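Reading the structure
Chain by chain, the residues run as shown.
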Amino acid sequence: AQSVTQLDSQVPVFEEAPVELRCNYSSSVSVYLFWYVQYPNQGLQLLLKYLSGSTLVKGINGFEAEFNKSQTSFHLRKPSVHISDTAEYFCAVSDRAGGATNKLIFGTGTLLAVQP
Amino acid sequence: DAGVTQSPTHLIKTRGQHVTLRCSPISGHKSVSWYQQVLGQGPQFIFQYYEKEERGRGNFPDRFSARQFPNYSSELNVNALLLGDSALYLCASRTDGYDQPQHFGDGTRLSIL
């Protein structure tokens, strides 16, 4: 079984400052890793994904994340945030082996609150 | 191309009633999954369907059921509604391949009175 931990429920940051949202996972098998963003009253939008290869992955809107296998982490970063980045961010994993389903296991989310 | 579409966007029901939620996947996507997102939490997996067959089921009671149609659209049914069923219900579709990401609709907000 897999689980995802997002330790920070809320991260306040000033506009144009850098930000890191933390994600740690637990799994007995190899996993795919994802970050999704959810704006108010909307569904989830894929920011980026790690499947294999380079551990540094770049996504949309200037976000990037680094996969660290030894620390079982997949932290999300952005060098300079904008007011429009204010949203809920979810880290998720799915079983690489697949089997019958590639269901996503989500963390509890981190609210990124960008202040002017 | 249109994204994943869900209907209705909002729904208010009372305890004990039944509800049907609908989802149309992205064109060409044969896999459809359903998730429940309770306020303040991450989405929880309910079902996955592929080619009209159930491929996975989360830890939800038998009051929850789903099906997929020949055009790959899907319905989620919930019987005997409880207050705890109040949530945002999200549908996601993906193309073939376990490494393919799931694309989500905007969800159906279900409120139980």
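Okay, so let's go over this structure. (Residues numbered from 1 in each chain as written. Chains lettered and ligands numbered in written order. Predicted model: local features only at pLDDT ≥ 70, side-chain atom pairs only at ≥ 80, totals over all residues. Heavy atoms only, no water.)

As a further point, take the pairing of strand β4 (residues 31-37) of chain B. Residues and elements named next belong to chain B. Taken across its 7 residues, β4 has 7 buried, putting it largely inside the fold. Taking every second residue as pointing to the same face, both faces of β4 are buried, with Ser31, Ser33, Tyr35 and Gln37 on one and Val32, Trp34 and Gln36 on the other. With 6 bridges joining them, β4 and strand β5 (residues 44-50) adopt antiparallel strand pairing. When the bridges of β5 are listed, Tyr35 appears paired with Phe45. In this structure, the hairpin formed by β4 and β5 is closed by a connection of 6 residues, where Gly40 is found at a positive phi of approximately 85°. Note: β4 against strand β9 (residues 87-94), 7 bridges, orientation antiparallel. Looking at the pairing, Ser33 lines up with Ala92 of β9. (Buried < 20%, exposed > 50% of the residue type's maximum accessible area, 1.4 Å probe, protein only. Helix = DSSP H or I, 4+ residues; strand = E, 2+ residues; numbered from the N terminus. Pairing = 2+ DSSP bridges.)

The next thing to look at is the interface of chain A and chain B. Note: interface size is frequently given as the accessible area lost on complex formation between the parts. With 21 residues of chain A at the contact, the number on the chain B side is 21 residues. For the pair chain A and chain B, the summed buried area comes to about 1800 Å², and 53% of that belongs to carbon and sulfur atoms. Counting the contacts that link chain A with chain B gives 0 salt bridges. Viewed at the interface, chain B and chain A are joined by 4 residue pairs in polar contact (both at pLDDT 80 or more). Top contributing element to the side of chain A that touches chain B by residue count: strand β5 (residues 31-38) of chain A, with 4 residues. (Contact = heavy atoms within 4.5 Å. Buried area = accessible area lost by both parts, 1.4 Å probe. Salt bridge = Lys/Arg side-chain N within 4 Å of Asp/Glu carboxyl O. Polar contact = N/O pair within 3.5 Å; in protein donor to acceptor, adjacent residues only side chain to side chain.)

Residue and element names in this part refer to chain B. Pairing in this open sheet of 4 strands is antiparallel, and the strands run β1-β3-β8-β7 from one edge to the other. The open sheet has two edge strands, β1 (5-7) and β7 (64-68), and neither has a second partner. Direction aside, the axes of adjacent strands within the sheet are offset by 15° on average. With 5 bridges joining them, strand β3 (residues 19-24) and strand β8 (residues 74-78) adopt antiparallel strand pairing. (Axes fitted to C-alpha atoms, helices over the stretch in contact; angles between N-to-C directions.)

Residue and element names in this part refer to chain A. Of all 9 residues in strand β10 (residues 87-95), 7 are buried, a share of seventy percent or more. Relative to strand β11 (residues 105-106), β10 is paired through 2 bridges, and the arrangement is antiparallel. Bridged to Ala92 within β11 is Phe106.

The subject of this paragraph is the nonpolar core. The biggest cluster of nonpolar side chains holds 28 residues, and the ones touching the most others in it are Leu33, Trp35, Leu47, Leu48, Phe74, Leu76 and Tyr89 of chain A. For this core, the secondary-structure elements that each account for two or more residues are β2 (10-14), β3 (19-21), β5, β6 (44-50), β8 (64-68), β9 (73-78), β10 and β12 (110-115) of chain A. With residues up to four places along the chain from it excluded, the contact list for Leu48 of chain A reads Leu33, Phe34, Trp35, Val57, Lys58, Gly59, Phe63, Glu64, Ala65, Phe74 and Leu76 of chain A. Residues Leu21, Leu76, Val78 and Leu110 of chain B belong to the second largest nonpolar core, which totals 22 residues. (Core = buried A, V, L, I, M, F, W, Y, C linked by side-chain atoms within 4.5 Å.)

It is worth stressing that arrangement in space is one thing and function is another; only the former is reported here.
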